[in-house]
Amino acid sequence: MMHAMDSLLPGFIKAAGQNEEYEKPDIRERQNYQRMKKMLTDLEEIKKLDIRSMLFEELEAWVKDIGQPAFRAKQIFEWVHKKGVADADAMTNVPKNLQEEIKKQGMYGVEEITRYVSKQDGTNKFLFRLSDGNVLESVFMRYKHGNSVCISSQVGCRMGCRFCASTIGGLVRNLEASEMLDQVYAMERILGERVSNIVVMGTGEPLDNYDNLIRFIHLINDERGKNISQRNITVSSCGLVPQIKKLAEEGLAITFALSLHSPTDEDRRKLLPIANKYSVSELMEVCRYYFEKTGRRVTFEYSLVKDENDTPEHARKLAELLKDMHGHVNLIPVNPIKERNYCRSLSDSVEKFKYILEKNQINVTIRRSMGRDIDAACGQLRRNYEETKDTF
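As the structure is a computational prediction, the values presented were derived from the model and not from experiment. (Residues numbered from 1 in each chain as written. Predicted model: local features only at pLDDT ≥ 70, side-chain atom pairs only at ≥ 80, totals over all residues. Heavy atoms only, no water.)

**A closer look at the overall build of the protein chain**
Link 1 in the chain: When helices and strands are tallied, the protein chain shows 13 helices and twelve strands.
Link 2 in the chain: Expressed as a percentage of its 392 residues, the buried residues of the protein chain come to 54%.
Link 3 in the chain: Taking the intrachain contacts of the protein chain between residues at least 6 apart in sequence as the baseline, contacts between residues at least 24 apart amount to 65%.
Link 4 in the chain: Here the protein chain has roughly 18800 Å² of accessible surface; of this, 46% comes from carbon and sulfur atoms. (Helix = DSSP H or I, 4+ residues; strand = E, 2+ residues; numbered from the N terminus. Buried < 20%, exposed > 50% of the residue type's maximum accessible area, 1.4 Å probe, protein only. Contact = heavy atoms within 4.5 Å. Areas by Shrake-Rupley, 256 points an atom, 1.4 Å probe, with all protein chains shown as cover.)

**Some details on the pattern of salt bridges**
Two side chains with opposite charge may pair up if their charged atoms get near one another.
Link 1 in the chain: What the rule picks out here adds up to 25 salt bridges.
Link 2 in the chain: The salt bridge involving Glu137 is made with Lys125; its shortest N-O contact spans 2.8 Å. You can see Glu137 sitting in strand β3 (residues 135-143) and its partner Lys125 sitting in strand β2 (residues 124-129), a full twelve residues away along the chain.
Link 3 in the chain: Linking Arg367 and Glu301 is a salt bridge whose minimum nitrogen-to-oxygen distance equals 3.4 Å. In this pair, Arg367 sits in the loop between β12 (364-366) and α13 (380-388) while Glu301 sits in strand β10 (residues 299-304), placing the two residues 66 residues apart along the sequence.
Link 4 in the chain: Judged by relative accessible area, which is 29%, Arg367 ranks as partly exposed. (Salt bridge = Lys/Arg side-chain N within 4 Å of Asp/Glu carboxyl O.)

**With respect to the side chain of Arg296**
Link 1 in the chain: With respect to the helices and strands, Arg296 occurs in the loop between α10 (280-294) and β10.
Link 2 in the chain: Buried charged residue Arg296 carries no salt bridge. Nearest counter-charge: Glu301, at 14 Å.
Link 3 in the chain: Engagement of the side chain of Arg296 in a polar contact is seen with the backbone oxygen of Ile254, the distance being 3.3 Å.
Link 4 in the chain: Of note is the side chain of Arg296, whose polar atom sits 3.0 Å from the side chain of Thr255.
Link 5 in the chain: Excluding residues that lie within four positions of it along the chain, Arg296 makes contacts with Arg231, Ala253, Ile254, Thr255, Tyr290 and Phe291. (Lys, Arg positive; Asp, Glu negative; His and termini not counted. Polar contact = N/O pair within 3.5 Å; in protein donor to acceptor, adjacent residues only side chain to side chain.)

**A few points about the packing of helix α8 (residues 241-248) against α10**
Link 1 in the chain: Following both chains from N to C, one finds α8 and α10 inclined at 10 degrees, their axes separated by 9 Å at the closest point. If you check the angle between α8 and α10, you find them roughly parallel. Between α8 and α10, the contacting residues are Val241, Ile244, Lys245, Leu247 and Ala248 on the first element and Glu282, Leu283, Val286, Tyr289, Tyr290, Lys293 and Thr294 on the second. (Axes fitted to C-alpha atoms, helices over the stretch in contact; angles between N-to-C directions. Parallel < 35°, antiparallel > 145°, perpendicular 65-115°, else oblique.)

**Remarks on the pairing of strand β8 (residues 233-237)**
Regular strands show a simple pattern: their side chains alternate between the two faces of the sheet.
Link 1 in the chain: Counting buried residues in β8 gives five out of five residues, a clear majority hidden from the surface.
Link 2 in the chain: Side chains Ile233, Val235 and Ser237 project from β8 onto one buried face, and the interleaved Thr234 and Ser236 project onto a second face that is buried too.
Link 3 in the chain: Assessed by its sense of winding, the connection that carries the chain from strand β7 (residues 197-200) through helix α7 (residues 210-221) to β8 is right-handed.
Link 4 in the chain: Bridge count for β8 against strand β9 (residues 255-259) is four bridges, and the pairing is parallel. Looking across to β9, one finds that Val235 is bridged to Phe256.
Link 5 in the chain: Since β8 and β9 lie parallel, the crossover through α8 that links them has a hand, and here it is right-handed. (Right-handed = clockwise from strand over helix to strand, strands pointing away. Pairing = 2+ DSSP bridges.)

Take a look at the structure:
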C-alpha cells in the first residue's frame with residue numbers, strides 16, 4: 001500500500017532534481033524536501049519499535065502511516081500506558097483491523113514466573129520471563145509514603161561489581177523501554193496497587209542502556225499514561241562519567257544516585273572494576289556538574305561491607321570527600337551472596353559510620369533492609385532460577 005508520504009516524496013525529488021539542473025534551488029522547497037525526507041527516515045526508525053516503546057508522537061506517526069485516524073493513537077496509548085493492558089484484544093474501542101496491526105508490530109512485556117513474599121515486611125520479589133525466554137527480577141516494596149518498585153534495566157550486567165549477584169555471568173542484553181515499563185505495569189496488575197516511586201536499581205547498569213532508559217522515563221512520566229512524577233524516579237549508576245554528564249543535560253527532574261562505596265580510588269577498585277577507568281575525583285567533578293545543571297542533589301550510595309569499607313577511617317575520608325557536594329549519603333548494609341565472601345557490616349559499625357558522617361554535617365540515612373528472607377539482593381533470585389530452572 002502506498003501511503004500519503006510515499007506519494008509526496010517522488011514529487012519533491014523530481015522538483016529538487018529539476019532545480020539543481022536548470023536553476024538555483026528554491027530555499028523553501030529544499031527545506032520542505034529535507035523535512036519530508038527526515039520524516040520518512042524517522043518513520044522507518046519508528047517501525048523498528050514495538051508499540052509499548054513508542055513515544056506518543058511516534059505512535060501518532062505510526063497510526064497515520066497505516067491509514068488510521070490520528071485519534072486512534074490516544075486510544076492505544078491510554079490502553080497501553082494508563083490501563084497497562086498487555087493484549088491488543090483487550091482494547092475494546094479499537095477496531096479489529098487495528099488490533100491486528102498492533103499484534104504484528106509487537107508489544108513486548110514480561111510474564112510472571114514466580115513471586116516470593118517476605119514474611120518480615122511484605123516485600124514482593126518477582127521473577128519475570130521475557131519474550132525471548134530470558135528472565136529478570138523486580139521488587140515491590142510498601143512504605144508509608146507509597147509503593148516503590150525496583151526494576152531491572154538489563155538482563156545480566158557487565159560492570160563486575162564484586163558484591164553483586166547481577167553481574168555473575170555477565171551481560172546478556174539490554175532491555176527495551178517496553179520491558180522496563182511492563183515490570184511496573186505487571187506489578188500493578190498483579191497486586192492491584194498503584195506504584196508511586198520507581199528506582200532503576202535492579203539488575204544491570206541503567207546508563208549502559210542509555211537510550212532505552214531515557215525513553216522509559218519519558219513514557220512513564222507522560223500525563224496521558226501513568227504520569228509518575230520525574231521527581232519520584234531514581235536512577236542509579238556505578239559511575240559512567242560521560243553518560244552522567246549526558247544525563248545532566250537531558251533537562252530531567254529525576255534523582256541521580258551514584259554507587260560510590262568507597263572514598264578512595266584504591267579501595268573502590270577492589271569493589272568496582274569501573275573504578276579502574278574513572279577516578280573518584282572525576283566522579284566528584286561530574287556530580288558537581290549534575291547539581292549545577294539540574295539543581296537536584298545527588299544521592300551517594302554506600303554499600304557497607306564488613307572490614308572492607310566500613311571503618312571509622314573510611315567514614316572520616318568520606319565526610320571530607322563530600323563536604324561541599326550538596327548531596328545525601330544512603331548507607332546500605334550489603335546483602336551477602338553465596339558466590340562471594342563479603343559479609344554484612346555489624347550494626348554497631350553501621351551506626352558508628354553514620355554518627356561520624358552526621359558529626360561532619362553530612363546528610364545521611366541508613367537504608368531500611370527489605371525482603372532479606374526472600375533473596376532480595378540484586379540478581380539473587382535470577383541467579384538461583386538459572387541454577388535450578390528445571391524445578392520451577
